[in-house]
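Fold and geometry: a report
What follows is each chain in one-letter form.
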There are 2 protein chains.
Amino acid sequence: MTVTVPQGFTAAGIAAGIKAGKRDLALVVNNGPQYTAAGVVTKNRIKAAPVLWTQQVIKDGKLRAVVLNSGGANACTGPAGFADTHHTAEKVAEVLDIGSADVAVCSTGLIGERLPMDAILSGVDKVAAELSATGGADAAEAIMTTDTKPKDTVVRGDGYCIGGIGKGAGMLAPGLATMLCVFTTDALIEPDIAAAALTEACRLTFDRLDSDGSMSTNDTVLLLASGASGVIPDVKGFTSELTHACGSIARQLMSDAEGSTKDVTITVTGAADTDDAVEVGRAVARDNLVKTALFGCDPNWGRILAAVGTTAAAFEPDAVDVAVNGVWICRDGAAAEDRSGVDLSGREVDITIDLRSGRDSATIWTNDLSHAYVHENSAYSS
Amino acid sequence: MTVTVPQGFTAAGIAAGIKAGKRDLALVVNNGPQYTAAGVVTKNRIKAAPVLWTQQVIKDGKLRAVVLNSGGANACTGPAGFADTHHTAEKVAEVLDIGSADVAVCSTGLIGERLPMDAILSGVDKVAAELSATGGADAAEAIMTTDTKPKDTVVRGDGYCIGGIGKGAGMLAPGLATMLCVFTTDALIEPDIAAAALTEACRLTFDRLDSDGSMSTNDTVLLLASGASGVIPDVKGFTSELTHACGSIARQLMSDAEGSTKDVTITVTGAADTDDAVEVGRAVARDNLVKTALFGCDPNWGRILAAVGTTAAAFEPDAVDVAVNGVWICRDGAAAEDRSGVDLSGREVDITIDLRSGRDSATIWTNDLSHAYVHENSAYSS
């Protein structure tokens, strides 16, 4: 269930001493024969040094390795922070005997502080020595921050497979999250196919996850393809499998979001177009009054409608229907079925909003807003 | 300190039985000689019945009376709810011997439920019987919902004065809040002057208050002018005094926001234009990670910068400075002065963000995000 399941990859995760006593440094290596890569990074204009670096090195559609650390985001650290990232990539390149322009760097943790470079550089020697075809699980563990469990996935295609690891529990928002994800595949694909497939898969998965509305400085999703299976996949099929893999990680991120007690699936139907459906879903997903009501197991459709009303989507106020967990408690923009019939005792919450203005739809995933979220984010300086 | 301080106004607030045991129905009457009025309502497309009614009756720039109730928003109640509002206005008109097209209606409370019309209609008789030139304080009390104290203000101009009452503790956002405000003045002004002054005053005050990012279905701000002082004010001076009055109520709303422990003033300087400054201020004010950090007394400038980075405002990531309570903990987009020097023990928090891209500035007011906010909004079905 991880990045070392596809053929052609080794990985490791170790405790380098960046944070006390836990695994904090991961390395994923593509051993070829092909080194195709694609990446999607945060849309935040304040980009961490490793994001700026990775954007540069991925331009040629090739990567040999990705080094990832938790314990520090290396964001808002100025030119010195960028030099640290550069130095890390050069160290990985030296140890693996490859070029530093084929090494992506990802960091996650506290914003605004320099990384302990001694620990990182000696850690690179150590993690490279541990590389193995079974090391994916340790790599997944090494990138955790406030995650309570590692996230991984495997999706099998026709003669190839896709593996993935991810982390992220806060700052999950459209334009990606404080979320680092590495996908690997042994399919034989060219860079332009990889880039198009990854962009499409992210659009339908990570871009539709909005746990807390905050957009991170460090989000990075990478896809590495080794070609080791020798199988050239059908493009549509590959994109679909990759979307499944991204969706699996996205749902794992949602289920482990900081302090959450509900996994909320908001489906907007009857939209004039997909953009309208996404806009409405996001507005509801970001509304703190909706989120606190869900934490309180209150099917408060009035707050949902108030959030819908802030959007520019096509709808008529007196022609909107809302169902919560299958009960249509709002029809024609007013009260309908008895809301006491809505069972919100479980973790899963399904909200359907029918705009009755067209045939398009979209699904947005989010969480509730709980005491534990406030506690974790007022106590954790990140 | 209330709407009955300016000459020409009477008011009352009573317990009509809409909610148990508390004042819940208010009436403010303009006794002339002039009946100029202006109004600003929520930008939410899901507008409550009283908002739709008030938008209609204020079109001619005249109002004789405003009836306000707490205990129910009469929002998302369909045609029947609109009929209830109409009926309420007709009852007030009958009792006061005026036309119903000169009666504004404002409601606040739970969305999606019909009002108890028997209580409202018999309450109108009772509240009209209590009208007095000292009744403003009772009116302010009758419109409270989760407010812990009534809000009122008086500003004195040159030969005239402006009084105001307001309520609102949740759903405070740009485009106004679940916020009902009535301002009165004895200045002699025409409808177009009143409308222009109120729009400008709201733009600089209520529109820059964003407590929790949620936009209400019921927000209404009304200005009634009796002309009883006989003084025709200087337009610029009147707008300035009205802005002071609106600002006073806005700050009272902020200080009494649900569950808040901090009053946060975000000043964005060095902006290319005012829109940029407002956009950046709002993005920071709406960020849950910034808000929870402030609740935890953590001067987390990294989260502030991450929120700035989500905007389209003109700035360079490596040329942004941030001060919290006077300490410049971020310069050039990176750590600067020691953040342990920031004192966040008090209720007042001043954040200054210098975009270093121009000469414009704007101030946005907000609150922190606390356990009490989550508690109140998960327990209170509104």
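As the structure is a prediction and not an experimental result, all values here were calculated from the model. (Residues numbered from 1 in each chain as written. Chains lettered and ligands numbered in written order. Predicted model: local features only at pLDDT ≥ 70, side-chain atom pairs only at ≥ 80, totals over all residues. Heavy atoms only, no water.)

Some points on the overall build of chain A
Scanning chain A for helices and strands turns up 10 helices and 15 strands. Its C-alpha radius of gyration of 21 Å places chain A within 12% of the 21 Å reference for a compact globule of 382 residues. Counting only C-alpha atoms and orienting by the principal axes, one finds that chain A spans roughly 65 × 50 × 35 Å. Within chain A, the proportion of its 382 residues that are buried is 62%. In chain A, the proportion of contacts linking residues at least 24 apart, taken out of those at least 6 apart, comes to 80%. For chain A, the exposed surface amounts to about 12600 Å²; the carbon and sulfur share of it is 50%. Charge separation in chain A, taken as the distance between the mean sites of 30 positive and 48 negative side-chain charges, equals 2 Å. (Helix = DSSP H or I, 4+ residues; strand = E, 2+ residues; numbered from the N terminus. Rg over C-alpha atoms; globule rule 2.2 N^0.38 Å. Buried < 20%, exposed > 50% of the residue type's maximum accessible area, 1.4 Å probe, protein only. Contact = heavy atoms within 4.5 Å. Areas by Shrake-Rupley, 256 points an atom, 1.4 Å probe, with all protein chains shown as cover. Lys, Arg positive; Asp, Glu negative; His and termini not counted. Charge placed at Lys NZ, Arg CZ, Asp CG, Glu CD.)

Here's the deal with the interface of chain A and chain B
At the interface, 49 residues of chain A touch 50 residues of chain B. Each partner contributes to the roughly 4000 Å² buried at the junction of chain A and chain B, and carbon and sulfur atoms together form 55% of this total. The tally of links from chain A across to chain B stands at zero salt bridges. Counting the contacts that link chain A with chain B gives 12 residue pairs in polar contact (both at pLDDT 80 or more). Every element with two or more residues in the side of chain A that touches chain B is listed here: α8 (288–295), α9 (301–308), β13 (334–335) and α10 (371–379) of chain A. Split into classes, the residues belonging to the side of chain A that touches chain B amount to 21 nonpolar, 22 polar and six charged. (Buried area = accessible area lost by both parts, 1.4 Å probe. Salt bridge = Lys/Arg side-chain N within 4 Å of Asp/Glu carboxyl O. Polar contact = N/O pair within 3.5 Å; in protein donor to acceptor, adjacent residues only side chain to side chain. Nonpolar A, V, L, I, M, F, W, Y, C, P; charged D, E, K, R; others polar.)

Here's the deal with a negative patch on the surface
All names here are of chain A. A cluster of acidic residues, D273, D275, E279 and D360, forms a negative patch on the protein surface. Locating D360 in the fold gives a position in strand β15 (residues 360–367). By relative accessible area, D360 is classed as partly exposed at 31%. (Patch = residues over 30% accessible without salt bridge, like charges linked within 9 Å, V, L, I, M, F, W, Y side chains within 5 Å.)

Re the sheet that holds strand β2 (residues 25–30) of chain A
Backbone hydrogen bonds are what pair the strands of a sheet, in a parallel or an antiparallel way. All names here are of chain A. Taken together, the four strands give an open sheet; going across it, the order is β1-β2-β4-β5, and neighbouring strands pair in mixed fashion. At either margin of the open sheet sits one strand with a lone partner, and together these are β1 (9–14) and β5 (103–107). The sheet shows a mean angle of 10 degrees between the axes of neighbouring strands, direction not considered. This element, helix α2 (residues 78–96), spans β2, β4 (65–69) and β5 of the sheet and lies at about 130 degrees to β5. Contacts from helix α3 (residues 117–129) reach β1, β2 and β4 within the one sheet, and its direction differs from that of β2 by about 50 degrees. (Pairing = 2+ DSSP bridges. Axes fitted to C-alpha atoms, helices over the stretch in contact; angles between N-to-C directions.)

Notes on the relation of the copies chain A and chain B
Of the transformation superimposing chain A on chain B, the axial component is 0.0 Å and the angular component is 180 degrees, with the fit at an RMSD of 0.0 Å. Given the turn and translation reported, the copies of this chain are related as if by a two-fold rotation axis. No C-alpha of chain A lies nearer the rotation axis than that of H371 of chain A, which sits 2.7 Å from it. A symmetric contact is evident, with 100% of the interface residues of chain A recurring at the interface of chain B. (Least-squares fit on C-alpha atoms with pLDDT ≥ 70 in both.)

Overview of the packing of helix α5 (residues 191–204) of chain A against helix α6 (residues 235–255) of chain A
All names here are of chain A. Where α5 contacts α6, the two axes come as close as 8 Å, and the packing angle between them is 45 degrees. Here α5 lies oblique to α6, going by the angle between them. For α5 against α6, the interelement crossing comes out right-handed. Of α6, the residues touching α5 (which contributes I193, A197, L198, E200, A201 and L204) are V235, F238, T239, L242, T243 and C246. Its residues assigned to classes, the contact of α5 with α6 comprises nine nonpolar, two polar and one charged. (Parallel < 35°, antiparallel > 145°, perpendicular 65-115°, else oblique. Left-handed = near helix turned anticlockwise from the far one by under 90°.)

Examining the domain arrangement of chain A
Residues and elements named next belong to chain A. The domain architecture assigned to chain A consists of domain 1 (9–255) and domain 2 (263–379). On the side of domain 2, 17 residues touch domain 1, which itself brings 16 residues to the contact. Counting the surface lost from both domain 1 and domain 2, the interface buries some 1400 Å², and carbon and sulfur atoms represent 48% of this. At the junction of domain 1 with domain 2, the criterion picks out zero salt bridges. Where domain 1 packs against domain 2, one counts four residue pairs in polar contact (both at pLDDT 80 or more). (Domains from an automatic or database assignment.)

Remarks on the side chain of S370 of chain B
One can find S370 of chain B in the loop between β15 (360–367) and α10 (371–379). For S370 of chain B, a relative accessible area of 1% translates into the label buried. In this structure the side chain of S370 of chain B is engaged in a polar contact, spanning 2.3 Å, whose partner is the backbone oxygen of G259 of chain B. Within the structure, S370 of chain B has its side chain in polar contact with the backbone nitrogen of A372 of chain B (distance 3.2 Å). Setting aside chain neighbours within four positions, we find S370 of chain B in contact with V374 of chain A together with G259, S260, T261 and F295 of chain B.

Some points on helix α3 (residues 117–129) of chain B
Residues and elements named next belong to chain B. Given a rise of 1.5 Å per residue, 13 residues ought to cover 18 Å, and the 19 Å separating the end C-alpha atoms of α3 matches this to within 8%. Those residues of α3 not exposed but buried are M117, A119, I120, L121, G123, V124, V127 and A128. Taken together, the buried residues of α3 touch β1 (9–14), β2 (25–30), β4 (65–69) and α2 (78–96). (Expected span 1.5 Å × (residues − 1).)

Things to note about the packing of aromatic side chains
Residues and elements named next belong to chain B. As enumerated under the stated definition, the model contains six aromatic pairs over all chains in all. Between the aromatic rings of W53 and F82, the centroid separation amounts to 6.3 Å while the plane-to-plane angle is 55 degrees, which identifies the pairing as tilted. Here W53, found in helix α1 (residues 49–57), pairs with F82, found in helix α2; they are 29 residues apart in sequence, far enough to count as distant. By relative accessible area, which is 5% here, W53 ends up buried. On the basis of relative accessibility, which here comes to 24%, the residue F82 falls in the partly exposed class. With a centroid separation of 6.5 Å and 45 degrees between ring planes, the pair formed by F183 and F206 is classed as tilted. Within this pair, whereas F183 is found in strand β8 (residues 180–185), its partner F206 is found in the loop between α5 (191–204) and β9 (220–225), the two being separated by 23 residues in sequence. The class for F206 is buried, based on a relative accessible area of 1%. (Phe/Tyr/Trp six-rings, centres within 6.5 Å; stacked < 30°, edge-to-face > 60°.)

Description of the sheet that holds strand β11 (residues 321–324) of chain A
Residue and element names in this part refer to chain A. Spatially, β13-β12-β11-β14-β10-β15 is the arrangement adopted by the six strands of the open sheet, whose pairing is mixed. The open sheet is flanked by β13 and β15, the only strands paired with a single partner. Of the strands in this sheet, β10 (263–271), β14 (348–354) and β15 are in contact with helix α7 (residues 274–285), which crosses β15 at around 20 degrees.

Quick notes on the side chain of T85 of chain A
Residues and elements named next belong to chain A. Structurally, T85 is set in helix α2. Looking at T85, its side chain comes within polar contact range of the side chain of N74, at 3.0 Å. Residues contacting T85, with those up to four places away along its chain left out, are A49, P50, W53, N74 and V105.

Observations concerning the confidence of the model for chain A
Residues and elements named next belong to chain A. In this model, chain A carries an average pLDDT of 91, and 96% of its residues clear a pLDDT of 70 or more. The secondary structure element of chain A with the lowest average pLDDT is α10, at 81, and the one with the highest is α3, at 98. In this model residues 170–177 is a low-confidence stretch, pLDDT under 50, and it forms 52 contacts with partners more than four residues away in sequence or in other chains. (pLDDT = per-residue confidence, 0-100.)

Comments concerning the pattern of salt bridges
One pass over the structure, following the stated rule, counts 26 salt bridges over all chains. Linking R347 of chain B and D263 of chain B is a salt bridge whose minimum nitrogen-to-oxygen distance equals 2.9 Å. Here D263 of chain B lies in strand β10 (residues 263–271) and R347 of chain B lies in the loop between β13 (334–335) and β14 (348–354), a separation of 84 residues in the sequence. Sharing partners across several salt bridges, the network here consists of D321, R331, D332 and R356 of chain A.

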